[in-house]
Amino acid sequence: MTAPVEPAAVAVDAGSRFLRVARVDADGTPRLVELPGAVPGEGLPTPAGLRGDRDAALGVAYAAYRDHCGTPGRLVLVVPHGEQARPAPDFGGPPSLLVGAPHAVLALLRHTGGQPVSPVLVCDLGAAGVDIARCALVGGTVTVSRVTRYGPGPGGYGAAFDRAVLDGAGLAVDDPEVLRRLDLARAESARRTEVALDRMAARPDRAEQSADTVVHEVAGREITAGVVHRALARLTDGLDRALAGARPGPDRTPVVAVGGAARSRTLARQLTDRLGPPVPLPEGTDPALAAVFGAALVAAGRIDAADRYPHAVAVRVHRTVHGRPRDGELLISPSGTLVPGGATVFAEADGERVRFGTATADGSRERAVRILAHGSGTERGVPVAVVTVPAVAEERFHVGMRVTAEGAAYLVLQPLGRGGPGAEPSPEEFPLGVLPVDVRPGTGSAQPFPQPPPGGGLRPRDARQPAHPPDTQGVRP
């Protein structure tokens, strides 16, 4: 009997020029899925009406894959950094995971070459513009502390570059069929174009002769190396502007160059002049496909995106459950929910935030709170930090955690009942440093306990007990 074929895990990247779908072969190599209507080595052309609507474009790419290959088992969507914490779109298939483009690129490097240098600049030279993300590996999580974006007017660099090329060749700059033919011609003659441009750069005294070299033909018109070289000035100028905004500094932080425009050796030379030689991608990797290939490896479970803290975080508490004191752990953030630079994650029970008190039995003004981390499959939390908080009688808080873009964690206490009507009091934050990734089972005495549901907190066998909302009566060291 033949075993059923497991549905593939795929990744989708929606650029302003092409929609790309990738999956990992049995030997672990990511590859582009060739779909009907795709430009070889590029992907499906992005419909003009969907440029600027990322979710719609991702949906079109997903539907094209589903109709041709069937429903995938897992789905990862590449998005600009900062969007990975938002709700993922629902395309009617498996739940999708959003991964930021810098994390996807570094996942590819980490998978094939071990831990990358840190910090590192991920320079995405896309058709819409230039994105430069400053990344660092902090506590096992890739943090992004700054993103610089630069893109010119409507359509971005891709449209501006195409207009310059077509105008230089005397062709209509807004004819969809001409643009489609330009994409095909560029893909077929990429090597010839680069050789001609290299000659112009290597021999400035003979640049005029090399400029007359015909690199491809579109709609019966010849396009020369000189036309392409003049059009590239739009890209090099934009890269300089983005680098100025990124302020890489005198230390020449290593850079990884990806995106379709990173294929250009002209731009690679410019990056080298400004920042030194780029960090090499895995051998044979097209820079335009680096992000979707890294996301495909994440989808296939070959590597983690390292864009979230991998463990659950809890605090050790003393709590009254059905009128009886009990020690235990209060879960604040489940594994994979703390995103560097993302929103605070608060402890919840059945969709409502748990109330938390800090008062002590002896009336002291402070108390130590132990922060615990749970590795995968462990029942007991391992102490990873201790923080001192004010002990305030008769006051309740919502308790949460957040991690800054730089990777520093904070315990967050959101007071309840302060401020005027409709005004939410400011939260109090307590620094914890960097949460560790290497969490090994400990021997602490605290045991996890079930959190009763809001508005009653009663299990069936406790129906005789009076109802009460979830509430903790303090924490114990």
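The structure contained in this document is the topic of the report that follows.

Quick notes on the rules
Residues numbered from 1 in each chain as written. Predicted model: local features only at pLDDT ≥ 70, side-chain atom pairs only at ≥ 80, totals over all residues. Heavy atoms only, no water. Buried < 20%, exposed > 50% of the residue type's maximum accessible area, 1.4 Å probe, protein only. Helix = DSSP H or I, 4+ residues; strand = E, 2+ residues; numbered from the N terminus. Pairing = 2+ DSSP bridges. Contact = heavy atoms within 4.5 Å. Axes fitted to C-alpha atoms, helices over the stretch in contact; angles between N-to-C directions. Salt bridge = Lys/Arg side-chain N within 4 Å of Asp/Glu carboxyl O. Phe/Tyr/Trp six-rings, centres within 6.5 Å; stacked < 30°, edge-to-face > 60°. Lys NZ or Arg CZ within 6 Å of the ring centre and 35° of its normal. Parallel < 35°, antiparallel > 145°, perpendicular 65-115°, else oblique. Nonpolar A, V, L, I, M, F, W, Y, C, P; charged D, E, K, R; others polar. Core = buried A, V, L, I, M, F, W, Y, C linked by side-chain atoms within 4.5 Å. Expected span 1.5 Å × (residues − 1).

With 6 of its 7 residues buried, strand β22 (residues 409-415) lies for the most part within the structure. Summarising the sheet, strand β21 (residues 396-403) and β22 pair through 7 bridges and their orientation is antiparallel. Across the sheet, the residue bridging to R402 is Y410, located in β22. Sheet analysis places β22 next to strand β23 (residues 428-433), joined by 5 bridges and oriented antiparallel. Pairing of A409 across the sheet is with G433, part of β23.

So, on to the environment of A187. Counting through the fold element by element, A187 comes out in helix α4 (residues 176-188). Its relative accessible area of 36% is what places A187 among the partly exposed residues. Distance in space between the C-alpha atoms of A187 and H216 is 9.9 Å, their sequence separation being 29 residues. Other than its neighbours up to four places away in sequence, A187 contacts V39 and P40.

Spatial ordering of the open sheet is given by β9-β8-β7-β12, a layout of 4 strands whose pairing is mixed. Unpaired on one side and paired on the other, β9 (141-150) and β12 (255-258) mark the two borders of the sheet. Neighbouring strand axes in the sheet, compared pairwise and without regard to direction, differ in orientation by 20° on average. Where strand β8 (residues 130-138) meets β9, 9 bridges bridge the pair, whose relative direction is antiparallel. Note on β9: the bridge partner recorded for V138 is T141. The strands that helix α8 (residues 265-275) touches are β7 (120-125) and β12; relative to β7, the one it contacts most, it runs at about 155°.

Right, let's get into the pattern of salt bridges. Inspection of every chain in the model, using the stated rule, returns 13 salt bridges. A salt bridge links R66 to D67; the shortest N-O distance between them is 3.3 Å. Judged by its relative accessible area of 31%, R66 falls in the partly exposed class. R149 serves as the salt-bridge partner of D131, at 2.9 Å between the closest nitrogen and oxygen. Here the residue D131 occupies a position in strand β8, and R149 occupies one in strand β9, the gap between them amounting to 18 residues. On the basis of relative accessible area, D131 is assigned to the partly exposed category, the value being 24%.

With that out of the way, let us pick up the packing of aromatic side chains. A full pass over the atoms with the stated rule returns 1 aromatic pair. For the ring pair Y62 and F91, a centre distance of 5.6 Å and an interplane angle of 25° mean the geometry is stacked. In this pair, Y62 sits in helix α1 (residues 54-69) while F91 sits in the loop between β5 (74-79) and β6 (96-100), placing the two residues 29 residues apart along the sequence. Y62 gets classed as buried once you look at its relative accessible area, which sits at 2%. For the cation-ring pair, R353 lies above F346, with the distance from its terminal atom to the ring centre recorded as 3.9 Å. Positioned above the aromatic ring of Y410 is the side chain of R402, whose terminal nitrogen or guanidinium carbon lies 5.0 Å from the ring centre.

Their axes nearest at 9 Å, the elements helix α5 (residues 190-202) and α8 cross at an angle of 45°. What the angle tells us is that α5 and α8 run oblique. The segment α5 lies against α8, with R191, E194, V195, L197, D198 and A201 engaging R265, T266 and R269. Class assignment of the residues belonging to the contact of α5 with α8 gives a composition of 3 nonpolar, 1 polar and 5 charged.

Membership of the largest hydrophobic core comes to 38 residues, with the highest contact counts inside it found for C123, L125, I223, L239 and L271. Among the elements that take part in this core, helix α7 (residues 225-246) stands out by supplying 9 residues, more than any other. With residues near it in sequence (within four places) discarded, L125 still touches V130, L239, V258, G259, G260, A261, A262, L267 and L271. By size, the runner-up hydrophobic cluster in this structure holds 37 residues, among which are A11, V105, C135 and A306.

Taking 1.5 Å per residue as the helical rise, α1 with its 16 residues ought to reach 22 Å, and the 22 Å between its terminal C-alpha atoms agrees with that figure. Taken together, the buried positions of α1 are A57, L58, G59, A61, Y62, A63 and Y65. Contact partners of the buried residues in α1: β1 (9-14), β2 (18-24) and β5.

Once that is clear, we can look at the side chain of E42. Of note, E42 is situated in the loop between β3 (30-32) and β4 (44-45). Overall, the relative accessible area of 10% leaves E42 in the buried class. Discounting chain neighbours no more than four positions away, the residues touching E42 are F18, R20, L32 and R263.

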